[in-house]
Amino acid sequence: MIIHNLGDENSVLNQFISEIRDTHIQKDAMRFRRNIERIGEILGYEFSKELAYNSKNIETPLGNKSMHLIQDQVVICSILRAGLPLHQGLLNYFDTAENGFISAFRKHEGDEDNFEVIVDYFAAPSLEGKVLVLTDPMLATGRTLENVLEGLKKHGTPKQIHIVSVIGSQLGIDFVKSVFPTDTHLWIAAVDPELNARGYIIPGIGDAGDLAYGEKL
Ligand code: URA
């Protein structure tokens, strides 16, 4: 797997990451969603450099200009519900992308610390020969992405897979690396050292879905 940890460089990206982490600022749900969206836009811009391009002649009012434009068909697949603002951030830049949505949840069995990832709703187009972008804002254990990859197999073989994530745990990244094809790219804005017993990234941000859309029962 080719890992691009964009938070390693000094850039405005780290301002947005600091705001989604900050206990006080993150309470503003609208700002939290917008920050995740802005992170998606930046990761999307960086990821666009890996796509295939071809030349197209563009007619301006005063002449012609040959430009390199994206040739690949991109499919953005996101996991509900926390993935929605990140999905929107990517979609802001990839006007003709197709879209897929997948529901996944953690089913806790008695013991709160043990859970199984249940994936039960897939709405995705054919992926055959296309560039698949899988978004998962919090790459914690990596088990959701593993299940999603398995479920998407019946949708065809993508030309290439890109995972777009906001914050990952080192453990989750190592796991994903072991189950995805070796030419998969991971675009991530921060990597944190730990996971707690409940599978939350430490220091992380807390529950991304709750911060974006409110607490659930
Ligand atoms: N999902 C979240 O929302 N936060 C984490 O830290 C891990 C998974």
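See above for the structure.
Residues numbered from 1 in each chain as written. Predicted model: local features only at pLDDT ≥ 70, side-chain atom pairs only at ≥ 80, totals over all residues. Heavy atoms only, no water.

**A few points about the site of the ligand**
Moving on, step 1. Looking at the ligand, the residues that line it are Arg106, Met138, Ala140, Gly199, Tyr200, Ile201, Gly206, Asp207 and Ala208.
Moving on, step 2. One nitrogen or oxygen atom from the main chain of isoleucine 201 is found 2.8 Å from an oxygen atom belonging to the ligand.
Moving on, step 3. With respect to the ligand, the backbone of glycine 206 contributes an N or O atom lying 2.8 Å from a nitrogen atom.
Moving on, step 4. In isolation the ligand offers 240 Å² of accessible surface; the protein chains occlude 89% of this area.
Moving on, step 5. Here the ligand occupies the largest pocket.
Moving on, step 6. Considered class by class, the residues forming the shell around the ligand number five nonpolar, two polar and two charged. (Near = heavy atom within 4 Å. Polar contact = N/O pair within 3.5 Å; in protein donor to acceptor, adjacent residues only side chain to side chain. Areas by Shrake-Rupley, 256 points an atom, 1.4 Å probe, with all protein chains shown as cover. 1 Å grid on protein atoms, 1.4 Å probe; cavity = no way out; pocket = protein on both sides within 12 Å on 5 of 7 lines; lining within 4 Å. Sits in = over half its atoms within 2 Å of the grid points. Nonpolar A, V, L, I, M, F, W, Y, C, P; charged D, E, K, R; others polar.)

**Comments concerning helix α1 (residues 13–21)**
Moving on, step 1. For α1, the full list of buried residues reads Leu13, Phe16, Ile17, Glu19 and Ile20. Taken end-on, α1 shows its buried residues confined to a sector of 160°, consistent with a single buried face.
Moving on, step 2. On its buried face, α1 sits against α2 (29–47), β9 (160–169) and β10 (185–192). (Buried < 20%, exposed > 50% of the residue type's maximum accessible area, 1.4 Å probe, protein only. Helix = DSSP H or I, 4+ residues; strand = E, 2+ residues; numbered from the N terminus. Arc of directions from axis to C-beta. Contact = heavy atoms within 4.5 Å.)

**Section: the packing of aromatic side chains**
Moving on, step 1. All chains considered together, the criterion is met by one aromatic pair.
Moving on, step 2. Lysine 154 extends its terminal NZ or CZ atom over the ring of phenylalanine 122, reaching a point 4.7 Å from the ring centre. (Phe/Tyr/Trp six-rings, centres within 6.5 Å; stacked < 30°, edge-to-face > 60°. Lys NZ or Arg CZ within 6 Å of the ring centre and 35° of its normal.)

**Remarks on the pairing of strand β7 (residues 131–135)**
Moving on, step 1. With five of its five residues buried, β7 lies for the most part within the structure.
Moving on, step 2. Side chains of β7 alternate between two faces, with Val131, Val133 and Thr135 and Leu132 and Leu134 buried alike.
Moving on, step 3. Two strands pair when backbone bridges link them, and strand β4 (residues 74–80) and β7 are joined in this way by five bridges, in the parallel orientation. Each residue of the ladder has a partner; that of cysteine 77, found in β7, is leucine 134.
Moving on, step 4. Taken together, the five bridges between β7 and β9 define a ladder with parallel strand orientation. Within β9, the position partnered with leucine 132 by the bridge is isoleucine 161. (Pairing = 2+ DSSP bridges.)

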